[in-house]
Amino acid sequence: MPHSLVPFLLLLAAAAAAATGAGAATPRQLFLVSQPPVTLTNHHGQLLTGNYSVNLLWYGRFTPAQRAVVADFILSLSPSGSGTASGSASGSAAPSVAAWWATTARYHPGAARLSLGRQVLDTSLSLGRRLSESSLASLASRLGPHRSTVAVVVTAPDVLVDGFCLSRCGLHASASTPSPASSGHGGRGRFAYAWVGNPAEQCPGECAWPFHQPPYGPQQPAPLVSPNADVGMDGAVITLATLLAGAVTNPYGGGFFQGPAEAPLEAVSACAGVFGAGAYPGYPGQMRVDAATGASYNAVGVAGRRFLLPAMWDPATAQCSTPLV
Ligand SMILES: *[C@@H]1O[C@H](CO)[C@@H](O)[C@H](O)[C@H]1NC(C)=O
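Being a predicted model, the structure only gives us computed values, none of them experimental.

### Structural notes on the overall build of the chain
Broken down by element type, the chain carries 6 helices and 16 strands. A burial count over the chain gives 58% of its 325 residues as buried. For the chain, the proportion of contacts with a sequence separation of at least 24, taken over those separated by at least 6, is 72%. Carbon and sulfur atoms make up 58% of the accessible area of the chain, which amounts to about 12,200 Å² in all.

See below:
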């Protein structure tokens, strides 16, 4: 089953595509390359529909505050979990995280609603400090049973994952459920999973842009201040947002994407590098800035928590749509 890899240089696409797979969130330089208009095609394969839980496996050391950034992002995806439209200290409130996720329903009216499932800690690095793609699938399979779940493995800054930083910031894919009888209504015996790395130490310029200066290419005047004061975790949220949208709209390689099935550009990865109006290569676009902290954000979630979310291709308008229009 292919996993979609979103390579960061177009020339790398062929190499990255050799892996079977899912959609991968790529380092941001990819998006410093100007792209043709985005038009995702519906390949009429299965999507994720209905209610899904996102289960998390934390591989390596994370602080409770770091885990809360990701958990709150997932909690914020459902309408009941997002903050109200009022209460912003700086005038009109930013759009909700749930409104951003609601764009997926324009791909399919039943596109999966995601809630936070269970969380597992693996602080002892049970499979070692270096992980292959098959190790990621093994870790994800520990998050079963897999009926109506997306399994997400999050790796700590000191964990080495094949391809991390070289060609990608994370990936989503599907794997066989241990027992065919437990296939649920997912994909005929397969379950969707994703991996996202914390890029704080290994490649913040690639995988935590625009909160860190890119290693090369056009430079904005200064990196943005990240909304949760954690460059690595705020970068990981951008990658996770990219992967969850891809997992729901192209879970098994036959959903919505542009380009070759082995290296698809998906709902968010097709729009990568765009976070606000007026974005261009090297500039993420306009967004809200907190007057007190200087943090940039474009969406609000549970308990007023702020996030900077990437643009998503909107089938209704055929445009990459940012939370703040
Ligand atoms: C999904 O969950 C919501 C809220 O709990 C519920 O109203 C709805 O019926 C559920 N949908 C399906 C398809 O189970």
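### A short note on helix H6 (residues 231-249)
In an α-helix, one turn spans 3.6 residues; hence positions three or four apart end up facing the same way. When the terminal C-alpha atoms of H6 are compared, their 28 Å separation across 19 residues agrees well with the 27 Å that a helix rising 1.5 Å per residue should span. A distance of 3.2 Å separates the backbone nitrogen of Gly232 from a side-chain oxygen at the start of H6, and that oxygen is part of Asp230.

### Quick notes on the state of the cysteines
A complete count under the given rule lists 3 disulfides for this structure. The disulfide partner of Cys165 is Cys203, and the gap between their sulfur atoms is 2.0 Å. Its S-S torsion of about -70° marks the bond between Cys165 and Cys203 as left-handed, since a negative value means left-handed. With Cys165 in the loop between strand E7 (160-161) and strand E8 (170-176) and Cys203 in the loop between strand E9 (190-197) and helix H5 (204-207), this residue pair connects regions lying 38 residues apart in the sequence. Residue classification places Cys203 among the buried residues on the basis of a relative accessible area of 3%. Each disulfide in the chain links cysteines that, numbered along the sequence, combine into the pattern 1-3, 2-4, 5-6.

### A word on unusual backbone geometry
Residue Pro145 follows Gly144 across a cis peptide bond; omega there is 0°. Structurally, the position occupied by Pro145 is in the loop between helix H4 (133-141) and strand E6 (149-155). Following Trp209, the chain continues to Pro210 via a peptide bond in cis, the omega torsion being 10°. The phi angle at Ala229 is positive, at roughly 55°, despite the residue not being glycine. As for its position among the elements, Ala229 is in the loop between H5 and H6. For Ala229, a relative accessible area of 73% puts it in the exposed group.

### Here we look at helix H2 (residues 64-75)
For H2, with 12 residues, the first-to-last C-alpha span of 16 Å sits near the 16 Å given by 1.5 Å per residue. Buried within H2 are the following residues: Gln66, Val69, Val70, Ala71, Asp72, Phe73 and Ile74. Looking at the buried residues of H2, the elements they touch are strand E3 (51-59), helix H3 (97-101), strand E4 (113-122), H6 and strand E14 (306-307).

### Topic: the confidence of the model for the chain
Per-residue confidence for the chain gives a mean pLDDT of 86; residues scoring 70 or more make up 82%. The low-confidence segment residues 5-20 (pLDDT under 50) makes 47 contacts with residues lying over four places distant or belonging to another chain. Within the model, the stretch residues 182-186 combines pLDDT values under 50 with 13 contacts to residues more than four positions away or in other chains.

### Concerning the environment of Tyr283
When you line up the elements, Tyr283 lands in the loop between strand E10 (256-257) and strand E11 (288-289). Along the backbone, Tyr283 and Pro218 are 65 residues apart, and their C-alpha atoms lie at a distance of 8.0 Å. Tyr283 has contacts with Trp209, Gly273 and Gly278, leaving out every residue within four places of it along the chain.

### So, the side chain of Asp72
Tracing the backbone shows Asp72 in helix H2. Overall, the relative accessible area of 17% leaves Asp72 in the buried class.

About the cut-offs
- Residues numbered from 1 in each chain as written.
- Predicted model: local features only at pLDDT ≥ 70, side-chain atom pairs only at ≥ 80, totals over all residues.
- Heavy atoms only, no water.
- Helix = DSSP H or I, 4+ residues; strand = E, 2+ residues; numbered from the N terminus.
- Buried < 20%, exposed > 50% of the residue type's maximum accessible area, 1.4 Å probe, protein only.
- Contact = heavy atoms within 4.5 Å.
- Areas by Shrake-Rupley, 256 points an atom, 1.4 Å probe, with all protein chains shown as cover.
- Expected span 1.5 Å × (residues − 1).
- Polar contact = N/O pair within 3.5 Å; in protein donor to acceptor, adjacent residues only side chain to side chain.
- Disulfide = S-S within 2.5 Å.
- pLDDT = per-residue confidence, 0-100.

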